[in-house]
Protein chains: 2
Amino acid sequence: MTRTITILGATGSIGASTLDLIRRERGKWRVVALTANCQAEELARLAREFSAEVAVVADEASLPALREALAGSGITSAGGAEALVEAAARPADITLAAIVGCAGLAPTMAAIEQGRTVALANKEALVSAGDVMLAAVRKHGATLLPVDSEHNAIFQCLAGNSYEHVRSITLTASGGPFRDWDAEQLAAATPAQAIKHPNWDMGAKISVDSATMFNKGLELIEAHHLFPVGLEKLRIVVHPQSVVHSMVEYRDGSTLAQLGPSDMRVPIASCLAWPERMETPCAPLDLAALGELTFRAPDEVRFPATRLCRQAAEAGGAVPAVLNAANEVAVAAFLGGQVSFTRIAVMVETMISRYEPAAPASLDDVIAVDAEARVLARELLELA
Amino acid sequence: MTRTITILGATGSIGASTLDLIRRERGKWRVVALTANCQAEELARLAREFSAEVAVVADEASLPALREALAGSGITSAGGAEALVEAAARPADITLAAIVGCAGLAPTMAAIEQGRTVALANKEALVSAGDVMLAAVRKHGATLLPVDSEHNAIFQCLAGNSYEHVRSITLTASGGPFRDWDAEQLAAATPAQAIKHPNWDMGAKISVDSATMFNKGLELIEAHHLFPVGLEKLRIVVHPQSVVHSMVEYRDGSTLAQLGPSDMRVPIASCLAWPERMETPCAPLDLAALGELTFRAPDEVRFPATRLCRQAAEAGGAVPAVLNAANEVAVAAFLGGQVSFTRIAVMVETMISRYEPAAPASLDDVIAVDAEARVLARELLELA
């Protein structure tokens, strides 16, 4: 049986991993739409390889290059935000939503509004727009499958069980490259040190989030939306080897954990084949070779991010969106050498205590809050 | 909704753990039959407490004592092997089959033949009579729920998945009290040293099985019957902390593991409530407090038991029954000071290579093979 798929953000790392899996069972898939921000040539190459129906660049200025690269292929090309939403609304059995940032919100929403199965890899969809997005999921009967390795692990561990039987959900955190650093070392941490992640090969922003543990905090907010068991049942444990991706404990005392390699193809494959399982080339887990898995409680004094994110999730409304925007501005400032590593959390804490907009009721509200929070965060930066 | 339950082997440790759980939600359960071997007074006490319909002692000589202890209670009492089978055949939503040894085969089979849900804690049912028992399960549409912590873990990790998607199943083994001993130390190991199990409080026989790793080998044979993924996909890993109870790896690279305390109430609760979850008083898992989980490959030179069991499972037919009987005789001889610790595996290997009866076609055949194997094993012992 052939299945149809649309990939929003086909030229990014999640898009590449997804296409790698589809390439391995080419006959089982038909690609509907592939989208990119501005990488027209790479997008055209992929659209040709996978015989996509349509290829869309979000950046309209890149459309001529896309058109040229697709000339004679028979593949429809389009450009701009509206074309992106139209592509996302096309019928597809599964939509992979992997556009980074607020730019991913509208197309992701378009797929949800069609009642589709959406494999979600866009953090903002849940962190900033969680309430709005989940309301749309319920209204349109869409199915959300989490791509993030932690949330995918939880999703797998919950299979066949009901939320009322959950005693707790534990997100594992590598603890980042500074997990053993003291306060003094953290204050002097450099961008180069922060972007060296021990287990995953990631971009600079997310590497800094891993070092501050904002990444785990944001995941906590996401988990709060995806798995409504109550914030008090969501836990974090530091697990430097990143082999256990997350866990669910049930009221009978059973804990189910999902383990695997640090390879995004595993959770992506889980989404693509769900509720079945597809083959991946990922190496089998060899616990005897690994030898040991270690665990420790997170230190919210040295790493206040998870505390702040829990606070934001508890407050709800616009607070998580403000936190997310403030963190992005602060991380950029850190990467640009403007603020110290430890100032990131301080800036975020200041922002969520000072700026309290009304709860967003629509995606436009979310985008407005996000934009205003960024402006205010930059002002705060200049004052500092 | 009230559910009905029969407990075959109510006065043993599995029976006690089961009744402890039922005691905690007394209103939800109605006890049909409770059985014991010869502990008439304890059985009568439990039958009264739980208002059982019927109480049965396997040992007919204990029936008068049972009758006396139940006088005026209105609870039916009975004794002997046939009465046991009759009690097991009474309608019950779930039957807990926890009679130790070959004595448990006939009543377990009686429950299976009624197409019941049977929570299975009798090792012989799968090790010695696996083919016969599983054929009856299929024929009568019964449902087997494994009580053993490892098999229950696998059962939970398989939920919602199909066998064809399984890449491997890994049973964890504590490695027993001698896991770090060298060949010389093992040759001199005493019964007192063997029965000191690091993680579970168990009887002498099963403690020795844990020390030799025959326990894990027998579990491998059981897993082979319960989860027909093929023997080559069944693995064993030594995990001294016994926190991870077993794992299933899928073809997409996801591994699901079940973790929990060393408390049999967890797997029993999982069976009692399946496919729901019931509350147990077991303490939550605190991985940060545990700190580390370690894993290593089993050493089949120092501990040949798992190799022998794999060989027996591969051979099939009567071989697992012969292995099980030979091991019981050898363990008894070790506990009695007649043979050294390392002779246990040697005796078992000799037995399975010398005695090759026809594959049992019925429970009677299994019982005959078991009895004859014991006679031969004892003869072998005297020759040595």
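**Observations regarding the overall build of chain A**
Step number 1: What chain A contains, in helices and strands, is 18 helices and 12 strands.
Step number 2: With the principal axes as the frame, chain A shows a C-alpha extent of 60 × 50 × 40 Å.
Step number 3: Here chain A holds 384 residues, and the buried ones make up 59% of them.
Step number 4: By sequence separation, contacts in chain A at least 24 residues apart represent 67% of the contacts at least 6 residues apart.

**Thoughts on the sheet that holds strand 3 (residues 54–57) of chain A**
Residues and elements named next belong to chain A.
Step number 1: The strand order across the open sheet formed by seven strands is 4-3-2-1-5-6-7, and the pairing between neighbours is parallel. At either end of the open sheet lies a strand with only one pairing partner, and these are strand 4 (76–79) and strand 7 (143–146). Neighbour to neighbour, the strand axes of the sheet diverge by 20° on average, direction disregarded.
Step number 2: Across four bridges, strand 2 (residues 29–36) lies against strand 3 in parallel orientation. In the sheet register, Ala36 faces strand 3, and the bridge partner there is Val57.

**Some details on the pattern of salt bridges**
All names here are of chain B.
Step number 1: Inspection of every chain in the model, using the stated rule, returns 40 salt bridges over all chains.
Step number 2: A salt bridge links Asp263 to Arg265, with the shortest nitrogen-to-oxygen separation between them at 2.8 Å.
Step number 3: Owing to a relative accessible area of 17%, Arg265 belongs among the buried residues under this scheme.
Step number 4: Across the salt bridge formed by Glu349 and Arg307, the nearest N and O atoms sit 3.4 Å from each other. Of the two residues, Glu349 sits in helix 17 (residues 343–354) while Arg307 sits in helix 15 (residues 305–315), which places them 42 residues apart along the sequence.
Step number 5: A relative accessible area of 31% places Arg307 in the partly exposed class.

**A look at the relation of the copies chain B and chain A**
Superposition of the two copies of the chain requires a rotation about an axis together with a shift along that axis.
Step number 1: Once turned by 180° and shifted 0.0 Å along the axis, chain B lies on chain A with an RMSD of 0.0 Å. Expressed as a symmetry operation, the mapping of one chain copy onto the other fits a two-fold axis.
Step number 2: With an isologous cut-off of 70% or more, the 100% of interface residues of chain B that recur at the interface of chain A puts this contact in the isologous class.

**Overview of the environment of Leu259 of chain A**
Step number 1: Residue position: Leu259 of chain A is located in strand 11 (residues 255–259).
Step number 2: Each C-alpha atom, one on Leu259 of chain A and one on Ser242 of chain A, is 8.5 Å from the other, the two residues being 17 residues apart in sequence.
Step number 3: Once residues lying within four places of it in the same chain are set aside, the contact partners of Leu259 of chain A are Val243, Val244, His245, Leu285, Leu287 and Leu293 of chain A together with Gly253, Ser254, Thr255 and Ala257 of chain B.

**A few points about the packing of helix 2 (residues 40–49) of chain A against helix 3 (residues 63–70) of chain A**
Residue and element names in this part refer to chain A.
Step number 1: At a minimum axis separation of 8 Å, helix 2 and helix 3 run at an interaxial angle of 35°. Here the hand of the crossing between helix 2 and helix 3 comes out right-handed. Of the residues in helix 3, those in contact with Ala40, Leu43, Ala44, Ala47 and Arg48 of helix 2 are Ala65, Leu66, Ala69 and Leu70.
Step number 2: Its residues assigned to classes, the contact of helix 2 with helix 3 shows eight nonpolar, no polar and one charged.

**Considerations on the interface of chain B and chain A**
Step number 1: Opposite the 43 residues of chain B that make contact, chain A presents 43 residues.
Step number 2: Between chain B and chain A, the buried area comes to about 3500 Å², and carbon and sulfur atoms account for 48% of it.
Step number 3: Looking only at chain B, the three residues that lose the most surface to chain A are Asp252, Arg277 and Phe295 of chain B, adding up to 21% of its buried area.
Step number 4: The partner of Asp252 of chain A in a salt bridge is Arg277 of chain B, with the nearest N and O atoms 3.0 Å apart.
Step number 5: Between the two partners, chain B and chain A, sit 30 residue pairs in polar contact (both at pLDDT 80 or more).
Step number 6: Ranked by residues supplied to the side of chain B that touches chain A, first place goes to strand 11 (residues 255–259) of chain B with five residues.
Step number 7: When strand 11 of chain A meets strand 11 of chain B, the two strands line up antiparallel, connected through five bridges. In the strand pairing of strand 11 of chain B, Leu256 of chain A is matched with Gln258 of chain B.

**Regarding the domain arrangement of chain A**
Residues and elements named next belong to chain A.
Step number 1: Per the domain assignment, the segments making up chain A are domain 1 (3–146) and domain 2 (149–183 + 196–204 + 220–299).
Step number 2: Each of domain 1 and domain 2 has a C-alpha centre, and the two are 26 Å apart.
Step number 3: Each side of the interface is counted separately: domain 1 has 23 residues, and domain 2 has 19 residues.
Step number 4: Across the interface of domain 1 and domain 2, roughly 1900 Å² is buried in total on both sides, 76% from carbon and sulfur atoms.

**Considerations on the packing of aromatic side chains**
Step number 1: Under the counting rule described, the total for this entry stands at eight aromatic pairs over all chains.
Step number 2: On the numbers, 4.9 Å between centres and 80° between planes, the contact of Phe178 of chain A with Phe341 of chain A is edge-to-face. Of this pair, Phe178 of chain A sits in the loop between strand 8 (166–173) and helix 9 (183–187) while Phe341 of chain A sits in the loop between helix 16 (319–335) and helix 17 (343–354), and the two are 163 residues apart along the sequence.
Step number 3: Judged by relative accessible area, which is 0%, Phe178 of chain A ranks as buried.
Step number 4: Classification of Phe341 of chain A as buried rests on a relative accessible area of 4%.
Step number 5: Ring pairing ties together the aromatic residues Phe178, Trp181, Phe334 and Phe341 of chain A, which thus form one cluster.
Step number 6: One residue, Arg277 of chain A, lies across the ring of Tyr250 of chain B, its end atom 4.1 Å from the ring centre.

**Considering the pairing of strand 2 of chain A**
Residue and element names in this part refer to chain A.
Step number 1: Of all eight residues that make up strand 2, seven are buried, and the element is covered over most of its length.
Step number 2: Sheet topology note: the strand 1 (residues 3–8)/strand 2 ladder contains five bridges and is parallel. Paired with Ile5 across the strands is Val31, a residue of strand 2.
Step number 3: In this fold, strand 1 hands off to helix 1 (residues 13–24), which returns the chain to strand 2; that crossover is right-handed.

**Points about the side chain of Thr280 of chain B**
Step number 1: You can see Thr280 of chain B is positioned in the loop between helix 13 (265–273) and helix 14 (287–290).
Step number 2: Overall, the relative accessible area of 5% leaves Thr280 of chain B in the buried class.
Step number 3: Once residues lying within four places of it in the same chain are set aside, the contact partners of Thr280 of chain B are Arg167, Arg251, Asp252 and Gly253 of chain A together with Leu21, Arg265 and Ala269 of chain B.

**Topic: the sheet that holds strand 11 of chain B**
Step number 1: Strands sit in the order 9(A)-8(A)-10(A)-11(A)-11(B)-10(B)-8(B)-9(B) across an open sheet of eight strands; the sheet is mixed. Bordering the open sheet on either side are strand 9 (234–238) of chain A together with strand 9 (234–238) of chain B, each of which pairs with just one other strand. Each adjacent strand pair in this sheet contributes to an overall mean axis angle of 20°, direction not counted.
Step number 2: Sheet topology places strand 10 (residues 244–250) of chain A next to strand 11 of chain A; five bridges connect them, and they run antiparallel. Bridge pairing in strand 11 of chain A links Ser246 of chain A to Gln258 of chain A.
Step number 3: Its contacts with the sheet put helix 8 (residues 149–158) of chain B on strand 11 of chain A together with strand 8 (166–173), strand 10 (244–250) and strand 11 of chain B, and the angle it makes with strand 10 of chain B is roughly 35°.
Step number 4: Across the sheet, helix 12 (residues 214–226) of chain B lies against strand 8 and strand 9 of chain B, angled at about 150° from strand 8 of chain B, the strand it touches most.

**A look at empty space enclosed by the protein**
Step number 1: This model, assessed by the stated rule, comprises two cavities of 30 Å³ or more.
Step number 2: Looking at the largest cavity, its volume works out to about 60 Å³.
Step number 3: In terms of lining residues, the largest cavity is bounded by Gln156, Cys157, Ala159 and Leu256 of chain A together with Gln156, Cys157, Ala159, Asn161 and Leu256 of chain B.
Step number 4: Looking at the lining of the largest cavity, the elements that each hand over two or more residues are helix 8 (149–158) of chain A together with helix 8 of chain B.
Step number 5: Residues belonging to the lining of the largest cavity are distributed by class as follows: six nonpolar, three polar and no charged.
Step number 6: In this structure, the second largest cavity spans a volume of roughly 30 Å³.
Step number 7: If you go around the second largest cavity, the residues you meet are Val244, Ala257, Leu259 and Leu293 of chain A together with Val244, Ala257, Leu259, Leu293 and Phe295 of chain B.
Step number 8: Of all the secondary structure elements, the ones that give two or more residues to the lining of the second largest cavity are strand 11 of chain A together with strand 11 of chain B.

Thresholds, definitions, all that
Residues numbered from 1 in each chain as written. Chains lettered and ligands numbered in written order. Predicted model: local features only at pLDDT ≥ 70, side-chain atom pairs only at ≥ 80, totals over all residues. Heavy atoms only, no water. Helix = DSSP H or I, 4+ residues; strand = E, 2+ residues; numbered from the N terminus. Buried < 20%, exposed > 50% of the residue type's maximum accessible area, 1.4 Å probe, protein only. Contact = heavy atoms within 4.5 Å. Pairing = 2+ DSSP bridges. Axes fitted to C-alpha atoms, helices over the stretch in contact; angles between N-to-C directions. Salt bridge = Lys/Arg side-chain N within 4 Å of Asp/Glu carboxyl O. Least-squares fit on C-alpha atoms with pLDDT ≥ 70 in both. Left-handed = near helix turned anticlockwise from the far one by under 90°. Nonpolar A, V, L, I, M, F, W, Y, C, P; charged D, E, K, R; others polar. Buried area = accessible area lost by both parts, 1.4 Å probe. Polar contact = N/O pair within 3.5 Å; in protein donor to acceptor, adjacent residues only side chain to side chain. Domains from an automatic or database assignment. Phe/Tyr/Trp six-rings, centres within 6.5 Å; stacked < 30°, edge-to-face > 60°. Lys NZ or Arg CZ within 6 Å of the ring centre and 35° of its normal. Right-handed = clockwise from strand over helix to strand, strands pointing away. 1 Å grid on protein atoms, 1.4 Å probe; cavity = no way out; pocket = protein on both sides within 12 Å on 5 of 7 lines; lining within 4 Å. Points joined across faces, edges and corners; volume = space filled by probe spheres on them.

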